[in-house]
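Chain and residue survey
Below, each chain spelled out in residue letters.
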Amino acid sequence: MSQPYGPPDRPGAWTGPPQPGPPPSPQPAPRQPSPAQQSGPAQPGPQPRQRPSAFKDFFNGVGYLLRGIGWVARHPAQWLFGLIPALIVLAVYVAALVFLAYRIDDLAGWVTGFADGWSDAARTSVRVVAGIALYGSALFFAIITFTAMTLLVGDPFYESIAVRVEESQGGAPPEPDVPLLVQIGRAVKDALILGAVALVFAIVFFACGFLPVVGQTVVPVVAALVSGYFLAGELTSIALERRGLRRRDRFARLKAHRPLAVGFGAATFVVFLIPLGAVLAMPGAVAGGTLLARERLADDPSAEAGLTSPG
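Since we're looking at a predicted model, the values are computed, not measured.

**So, the overall build of the chain**
Looking only at helices and strands, the chain has 13 helices and zero strands in total. Secondary structure of the chain in N-to-C order comes out as α-α-α-α-α-α-α-α-α-α-α-α-α. Within the chain, buried positions represent 37% of all 311 residues. The contacts of the chain with a sequence gap of at least 6 include a subset with a gap of at least 24, amounting to 80%. When the accessible area of the chain is evaluated, it comes to approximately 18400 Å², of which 67% is carbon and sulfur surface.

Dropping the structure here:
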């Protein structure tokens with residue numbers, strides 16, 4: 001029995017019986033969306049963290065010194081332990097500075113021999129300036145090398161303090177597998193290099209001290225900032241050397257965080273200018289340098305390329 005033919009699906013469509021002919025060509029399968037299309041619009045990746053401004057980083061560096069002093073205040077036994085090498089080195093440095101103060105007039109006269117034929121007032125004035133510049137340069141040199149020499153003499157003391165600080169923050173890295181004599185040789189070499197650099201800067205600051213007004217105002221500030229940078233390098237050396245970083249690598253880290261390092265070191269420099277400040281604050285400065293190295297300098301500076309500059 002034949003089936004009735006229904007109404008056309010659309011006007012003009014054939015509703016009769018199917019006609020013989022070639023089979024219909026296969027239709028292409030619908031294109032499936034890619035996983036990225038199925039998941040919708042691309043989600044933004046993690047945004048790079050912004051580095052603090054230089055001004056803020058400078059005061060963050062000051063904060064690390066305060067944190068270090070606070071740490072030794074909570075651990076008075078470590079503070080007393082760290083005073084021993086600082087007292088030994090201080091005795092030698094004080095003797096040298098007292099001797100320099102006793103002979104400063106002769107040294108100023110020798111440096112300003114060109115003023116022998118000047119009037120008394122002019123000759124006295126230039127020699128007073130020379131004496132101030134000489135003693136200021138010696139003080140600058142002493143403060144920078146004091147830290148290096150104290151760390152060299154008291155390496156076992158400050159190594160112990162640095163490890164205690166790291167353990168209080170979650171754990172210290174293992175000690176590098178380097179023979180003791182090699183470590184001592186590197187420390188002596190670093191101290192000599194730092195002393196040579198400090199001597200060059202001391203000569204420059206001595207010469208600039210003769211500049212009217214600038215030599216007595218701007219030069220001391222610049223000297224504090226420069227010495228602070230090198231102090232930061234010395235005070236963070238224990239924690240960074242424990243991570244296998246040599247002098248060149250350590251200063252690469254400091255360069256990547258220069259305002260932070262200068263803030264920490266300049267604050268330390270100012271504290272060291274206070275009578276007995278270099279001795280009393282030395283353990284706290286080592287603790288602060290360890291915290292600074294652990295939290296901000298331990299990462300590879302190449303990672304800083306992903307940081308956005310402050311707006």
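Read on for the rest.
**Regarding the packing of aromatic side chains**
Two aromatic rings, taken as a pair, are described by how far apart their centres are and by the angle between their planes. Under the definition given, this model contains 11 aromatic pairs. With a centroid separation of 5.1 Å and an interplanar angle of 85 degrees, the aromatic rings of F140 and F205 are classed as edge-to-face. With F140 in helix α5 (residues 120-153) and F205 in helix α7 (residues 180-208), the pair connects residues that are 65 residues apart, well separated along the chain. Each member of the pair F140 and F205 is classed as buried. Geometrically, the ring pair formed by F230 and F251 is tilted, given 6.2 Å between the ring centres and 55 degrees between the ring planes. In this pair, F230 is assigned in helix α8 (residues 214-235) and F251 in helix α10 (residues 247-256), connecting sequence segments 21 residues apart. Across the pair, F251 and F230 agree in class, each one buried. Following the ring pairs from residue to residue traces out a cluster consisting of F140, F201, F205, Y229, F230 and F251.

**A short note on helix α3 (residues 76-102)**
Taking 1.5 Å of rise per residue, 27 residues should cover 39 Å, and α3 covers 37 Å from first to last C-alpha, within 8% of that figure. Approximately 30 degrees is the largest bend angle found in α3, and it occurs at I84, with the proline P85 only one to four residues beyond. Residues of α3 that are buried in the fold lie against α2 (54-74), α4 (104-111), α5, α6 (155-168), α12 (277-280) and α13 (282-297).

**Comments concerning the nonpolar core**
Ranked by size, the top nonpolar core spans 59 residues in total, and within it F146, Y158, L254, F264, F272, M282 and V286 carry the most contacts. It is α8 that provides the largest number of residues to this core, a total of nine residues. The contacts of V286, once residues within four sequence positions are left out, are L151, Y158, I161, L235 and I238. Core analysis: the next-biggest nonpolar cluster, separate from the first, contains six residues, I104, L134, A138 and F206 among them.

**Let's talk about the pattern of salt bridges**
A full pass over the atoms with the stated rule returns eight salt bridges. Across the pair E159 and R242 runs a salt bridge, and its minimum N-O distance is 2.5 Å. With E159 in helix α6 and R242 in helix α9 (residues 237-242), this residue pair connects regions lying 83 residues apart in the sequence. R242 sits in the buried class, given a relative accessible area of 14%. Residues joined by salt bridges that share partners form a network here, namely E166, R243 and R294.

**A look at the packing of α3 against α6**
It is at 9 Å that the axes of α3 and α6 come closest, and there the two elements cross at 150 degrees. Classified by the angle their axes make, α3 and α6 are roughly antiparallel. You can see that α3 and α6 cross each other, and the crossing is left-handed. Within the contact between the two elements, α3 uses Q78, F81, G82, I84, P85 and A86 and α6 uses F157, Y158, S160, I161 and R164. Classifying every residue of the contact of α3 with α6 by side-chain character gives seven nonpolar, three polar and one charged.

**Section: the environment of A96**
Within the secondary structure layout, A96 lies in helix α3. For A96, a relative accessible area of 46% corresponds to the partly exposed category. Between the C-alpha atoms of A96 and A142, which are 46 residues apart in sequence, the distance is 9.4 Å.

**What to know about the environment of Q169**
Residue placement: Q169 occurs in the loop between α6 and α7. Apart from the residues lying within four places of it in its own chain, the contact partners of Q169 are R67, L291, R294 and E295.

**What about the confidence of the model for the chain?**
Per-residue pLDDT for the chain averages 79, and the proportion of residues at 70 or more is 79%. A low-confidence stretch, residues 5-15 (pLDDT under 50), is modelled with eight contacts involving residues beyond four sequence positions or located in other chains. Low pLDDT, under 50, characterises residues 301-311; the stretch is placed with 16 contacts to residues that sit more than four places away or in other chains.

**Some thoughts on unusual backbone geometry**
In this model, L276 sits at a positive phi of 65 degrees, which is unusual for a non-glycine residue. Among the secondary structure elements, L276 is positioned in the loop between α11 (258-273) and α12. L276 sits in the exposed class, given a relative accessible area of 54%.

**Comments concerning the packing of α8 against α10**
For the pair α8 and α10, the least separation of the axes is 10 Å and the interaxial angle reads 130 degrees. When the interaxial angle is binned, α8 and α10 end up oblique. Pair α8 / α10 crosses with right-handed handedness. Contacts between α8 and α10 pair Y229, F230, A232 and G233 from the former with R250, F251, L254 and K255 from the latter. Taken together, the residues that form the contact of α8 with α10 break down as five nonpolar, one polar and two charged.

Reading guide: rules and limits
Residues numbered from 1 in each chain as written. Predicted model: local features only at pLDDT ≥ 70, side-chain atom pairs only at ≥ 80, totals over all residues. Heavy atoms only, no water. Helix = DSSP H or I, 4+ residues; strand = E, 2+ residues; numbered from the N terminus. Buried < 20%, exposed > 50% of the residue type's maximum accessible area, 1.4 Å probe, protein only. Contact = heavy atoms within 4.5 Å. Areas by Shrake-Rupley, 256 points an atom, 1.4 Å probe, with all protein chains shown as cover. Phe/Tyr/Trp six-rings, centres within 6.5 Å; stacked < 30°, edge-to-face > 60°. Expected span 1.5 Å × (residues − 1). Bend = angle between axes of the 7 residues up to and from the residue. Core = buried A, V, L, I, M, F, W, Y, C linked by side-chain atoms within 4.5 Å. Salt bridge = Lys/Arg side-chain N within 4 Å of Asp/Glu carboxyl O. Axes fitted to C-alpha atoms, helices over the stretch in contact; angles between N-to-C directions. Parallel < 35°, antiparallel > 145°, perpendicular 65-115°, else oblique. Left-handed = near helix turned anticlockwise from the far one by under 90°. Nonpolar A, V, L, I, M, F, W, Y, C, P; charged D, E, K, R; others polar. pLDDT = per-residue confidence, 0-100.

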